[in-house]
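Okay, here's what each chain looks like letter by letter:
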Amino acid sequence: MNFIPHTKEHISKMLSVVGCSTLDELVSEFIPRLSELNLDNPMSEMELVSYMTSLSEKNSPMKYFVGGGSYDHYIPAVINHLVSRGEFLTSYTPYQPEASQGVLQVLYEFQSFICLLTGMDVSNASLYDGASAVAEAALLSSAYTKRKGVFVDDGLNPAYLKVLKTYCDGTELCITNTIDENTACVISQTPDFYGNIKNPHGLIEKAHAHHALFINCISDPTSLAILKTPGEFGADVVVGEGQAFGIPTSFGGPYLGFIAVKQFLTKKLPGRIVGMTTDDQGNEGFVLTLQAREQFIRRERATSNITTNQTLLALTATIYLALLGRSGLQNVARASYHRAHLLQEKLSKIGFEAINTSPFYNEFLVKSPKPSEEIIANLMEYNIFGGIDVGDNRLLVCCTEKNLLQDINSYVSVVSK
Amino acid sequence: MAERKFTKEHEWIQKSDQIIIVGITEFAQDQLGDIVSIELPQVGSSFKQNDVMTIIDSVKASSDIYCPVDGEIIETNENLLEHPELINKSPYKEGWIVKIKPNNPEQIDSLLSKEQYDELVGQGKE
Amino acid sequence: MKLIFDYNQSNTKHTPDEEKDVDLPEELKRSSLLLPDVNEVQVIRHYTELSKKNYGIDTNFYPLGSCTMKYNPRVNEDLAKLPGFSNLHPHMPASHAQGALQVIWELEGDLKEITGMDAFSLQPAAGSQCELLGVMIAKKYFAEKNENRTKIIIPDSAHGTNPATASMCKFQTVTILSDDRGNMDLDEFKKAIGPDVALVMITNPNTLGLYEENLSEIKDLAHEKGALMYCDGANMNALLGISKPADQGFDMIHLNLHKTFSTPHGGGGPGGGALGVKSFLEDYLPVPRIKKENAQFVFDSNQEKSVGKLHSFYGNFGIIVRALSYIRSWGSDIHKISQIAVLNANYLFTLLKEDFDVPYDRRCAHEFVISAKNFGEKSTANIAKRITDYGFHAPTIYFPLIVKEALMIEPTETESKETLDEFANVLKTIIKELKEDPEVVKNAPHTIPGRLDEVKAARQLNLRWVPHES
């Protein structure tokens, strides 16, 4: 495969313009040649496809009853076709707005969707993933309150907590177990890692009483179709993972972080933000705005170093939300909810103990009558990935609209053997 | 009101009773371009001379504004949060930024006079 | 102009209907959901229309410096979409994800070979997250040695992420001026380096497109004082198969998979970051690591010294698949990429030297910087807008900050001589216009919308659609 369009004649003409006789001569003029490079022979496209396909076949995607930060919702066919269009796929960051009105409008729509779903006032044009979004929210809170304490409620996704801790260690913030005058923010996930839907009211009051910001974290945002919004509860910041909106599980990435805030925090938002404006004839258009917040202008005064966002995934989510719309998304949420409740009910009749202390959305915790590794291994033999082992023989099980009645019955029949 | 004094970093100060009013100069607002936001310091906070007191953002740049004297912030121009363009339109009047209670009023005397400041900006074009 | 919220159509059904409402307490239930209902036909038309208002590499040349906008091979898109990759759940146990772990492990191996580093992490989602990781590793490394190092040295031509990252981790940034050859000033560096410096962060070739001529002495001095050398590898496209950053003396390097390694920019992301380190820093890399034990690939989270975790899972796996495919397709011919990238840059530089001001008249690497300062203030902005009228995207402008009215141009190896000739002619034409008909340049672009009011965008914030109360 060769993406270099030059012929030998082109190369020699260009070399003479530049004043060298060979490519080696040109390059060695300034780059000292050092050790040799040992890579395999180049592959043709055909050979490459064969090689990578064989690697892909050493993996076993199967029927998933697993969430834990990654959700197997149905992805409508349209999405791939639109997102693969070269004008979207191969475009650069929209710093030159005249060349990028398409991407800019999509990001504006994305920002709008996130605000509508979360009940917040302003959103940015995406962050790397849910975990780093939590960390960025903590940084934002620290910059706003000028405090260093970070309080984390129980039930935060353990991977998000690890990432938060890593960021805190590096940036000298401190994860604490009290809410007091040193607390910059209070972070709570709902539905939490174990599926529990929480009413954050009490915690929000406590945070605000100490002038700390309340950060709500969401890992399956299809839940927002049926749950009361964090904005209505009084959250100051909402962060989360947008993978559930039309993005395949793809072994963990690339995913889609999002952040939305109340009005008063607008200028503290990290990352890229799209705004609508006009030209001098009054024609409407979109631009990246409030860029002075960002690292390339603020440099050492920036509160975050973030550059790249996840535009193509934001585009994916926007198209997903447009396709499903109000009725489609409610449908997905209801189906996910009902399937999970059905499976939990059936499992509790065959010796699994339901552990959730609160109502749940599409993930629930059960204690299994046999060792959980055994349960998971048995199910795997039938190409079913039955849950996440969270220790102590407890399984974290998830359902989406893709888990049909017959799948649930298969699951139950395998584990009841 | 006393005459204005100036700093090398393009701030102006004006004495008013025991406090001083601080803003940025016409030259500074022109260099910055259209200002889109300002971060105001907290009332009650203290700064030493030349500490970074606040940051002004224009569309394509972000600039530190330095505290001209040792002192405590006693009032900030909250109007600027909604209307940062006042700094461009009226840098000496409605675009005032903070009021400070100086710890060492003698520091004011060693700042630049209007003539000295005009000379500075007449010379130096960055 | 129509936003997606301006539609109200009947929805296409994508999943079977679920009529039953949920049985939750009222205090937890949502009262109204103001999303539009749009029919699939409308969605396709709306977003297809938007795509036509967008420029991409597939449309034409992007001369953007430091971005490496090379062709994105389509086969890599197909490979990333293979069900064995795209439908694989990240909680899958290693036993059922051997192919995926092998992909990660193989890319780490190829990058080790290309850069000379001893270990890699592919967890970071982008170059700037790599920098964060690198600075955190340095912080922990020195803390364990009980050395109080508070400073990070960068050149004045550095990417903004370098000082931003230093600040985030509470280091003081010390900026070294560039000399008149565009190198980091060695005398200034000698004054600044000391036992309180943790890291020297250098982009090489630097953002002026120039190979750092003092690198060897800088490296020796830094190591003598116990500081670590970090390479911002955004410009790796000049060095593939030609020079290894490890041989240049670096202890850490980050690579942007979406630059040198051809993964698509997607309008601003996703990217992919790779941080490479020398063996003495390997234990600090984030967990889980991917290891090979008796022909099996496994996750290894048993790393006490690890700085922790940066990503929910293992990194941007879909991007990792694409980067591996790219490297495998080039294999031992990979040096051809850099040779032609450097040739293209020097060729275009030679064509444009006669018309523009040249701040550093030296052989450039894979990109170069010229200045439009002789044409007056703001000419660079005007030239950039006028380029759009001729069907090209503008180069990077006003960066690096140390050059007035800068234009930074990186052709990449996938642009033909024809395209470069055409682009050079467009620039020469615009220079002529500046003399003969300056208004046409100042009023560019002559598109609809024209030059958009960025001040208004920042002062009168309109950042989202607001539903009308009905």
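This is a predicted model, so every value here is computed, not measured.

Caption draft 1: Expanded view of the environment of B:Gln31. Residues and elements named next belong to chain B. Structurally, the position occupied by Gln 31 is in helix α1 (residues 26-32). Of the residues examined, Gln 31 has 16 C-beta atoms within 10 Å and is grouped as partly exposed. Placed 27 residues apart in sequence, Gln 31 and Ser 58 show a C-alpha to C-alpha distance of 9.9 Å.

Caption draft 2: Spotlight on the confidence of the model for chain C. With 100% of its residues at a pLDDT of 70 or more, chain C shows a mean pLDDT of 95. Reported confidences for the modelled complex are a pTM of 0.94 and an ipTM of 0.97.

Caption draft 3: Seen up close, the packing of helix α11 (residues 335-353) of chain C against helix α13 (residues 417-436) of chain C. All names here are of chain C. Taken N-terminus to C-terminus, the directions of α11 and α13 make an angle of 30 degrees; their axes are 10 Å apart at the nearest point. Put simply, α11 runs roughly parallel to α13. As for how α11 packs across α13, the hand of that crossing is right-handed. Residues Asn 344, Tyr 347, Leu 348, Leu 351 and Leu 352 of α11 form the contact with α13, whose participating residues are Leu 420, Ala 424 and Leu 427. Here the residues of the contact of α11 with α13 sort into 7 nonpolar, 1 polar and no charged.

Caption draft 4: Spatial organisation of the interface of chain A and chain B. Each partner contributes to the interface: chain A provides 5 residues, whereas chain B provides 8 residues. Of the residues belonging to the side of chain A that touches chain B, the class tally is 2 nonpolar, no polar and 3 charged.

Caption draft 5: Representation of the sheet that holds strand β6 (residues 52-58) of chain B. All names here are of chain B. Judged by pairing direction, the sheet is antiparallel, and its 3 strands sit side by side in the order β4-β6-β7 without closing on themselves. Each end of this open sheet is capped by a strand with a single partner; those strands are β4 (35-39) and β7 (62-66). The sheet shows a mean angle of 25 degrees between the axes of neighbouring strands, direction not considered. Two strands pair when backbone bridges link them, and β6 and β7 are joined in this way by 5 bridges, in the antiparallel orientation. Counted as the bridge partner of Ile 56 is Ser 63 from β7.

Caption draft 6: A look at the domain arrangement of chain A. Residue and element names in this part refer to chain A. Per the domain assignment, the segments making up chain A are domain 1 (63-72 + 326-415) and domain 2 (77-317). Its C-alpha centre places domain 1 at a distance of 29 Å from the equivalent point of domain 2. Listed per partner, the contact involves 23 residues of domain 1 and 20 residues of domain 2. At the level of secondary structure, the elements contributing two or more residues to the side of domain 1 that touches domain 2 comprise α12 (311-348) and β12 (363-367). Residues belonging to the side of domain 1 that touches domain 2 are distributed by class as follows: 11 nonpolar, 9 polar and 3 charged.

Caption draft 7: Examining the interface of chain A and chain C more closely. Tallying the contact residues gives 166 residues for chain A and 159 residues for chain C. When residues in the side of chain A that touches chain C are grouped by element, the largest group, 21 residues, is from α12(A). Across the side of chain A that touches chain C, the residue classes break down as 80 nonpolar, 58 polar and 28 charged.

Caption draft 8: Looking closely at the nonpolar core. Counting 312 residues, the largest nonpolar core has A:Val134, A:Ala138, A:Val237, A:Ile319 and C:Val200 as the members making the most contacts within it. Top contributing element to this core by residue count: α12(A), with 19 residues. Aside from chain neighbours lying at most four places away, what touches C:Val200 is C:Ile153, C:Ile218, C:Ala222, C:Ala227, C:Met229 and C:Tyr230.

Caption draft 9: Geometry of the sheet that holds strand β2 (residues 151-155) of chain C. Residue and element names in this part refer to chain C. Taking strand neighbours across the sheet as the criterion, the 7 strands line up as β1-β7-β6-β5-β4-β2-β3 in an open arrangement whose pairing is mixed. Each edge of the open sheet is held by one strand with a lone partner, namely β1 (119-121) and β3 (172-176). On average, each strand axis in the sheet is tilted by 20 degrees relative to the strand beside it, whichever way the strands run. Across 5 bridges, strand β4 (residues 197-203) lies against strand β5 (residues 228-232) in parallel orientation. The partner of Ile 202 across the bridge, within β5, is Cys 231. Most of the contacts of helix α5 (residues 127-144) go to strand β7 (residues 273-277), to which it runs at about 30 degrees, and overall it touches β1, β4, β5, β6 (252-256) and β7.

Criteria and thresholds
Residues numbered from 1 in each chain as written. Chains lettered and ligands numbered in written order. Predicted model: local features only at pLDDT ≥ 70, side-chain atom pairs only at ≥ 80, totals over all residues. Helix = DSSP H or I, 4+ residues; strand = E, 2+ residues; numbered from the N terminus. Buried ≥ 20, exposed ≤ 12 C-beta atoms within 10 Å, placed from the backbone. pLDDT = per-residue confidence, 0-100. Axes fitted to C-alpha atoms, helices over the stretch in contact; angles between N-to-C directions. Parallel < 35°, antiparallel > 145°, perpendicular 65-115°, else oblique. Left-handed = near helix turned anticlockwise from the far one by under 90°. Contact = placed C-beta atoms within 7 Å. Nonpolar A, V, L, I, M, F, W, Y, C, P; charged D, E, K, R; others polar. Pairing = 2+ DSSP bridges. Domains from an automatic or database assignment. Core = buried A, V, L, I, M, F, W, Y, C linked by C-beta atoms within 7 Å.

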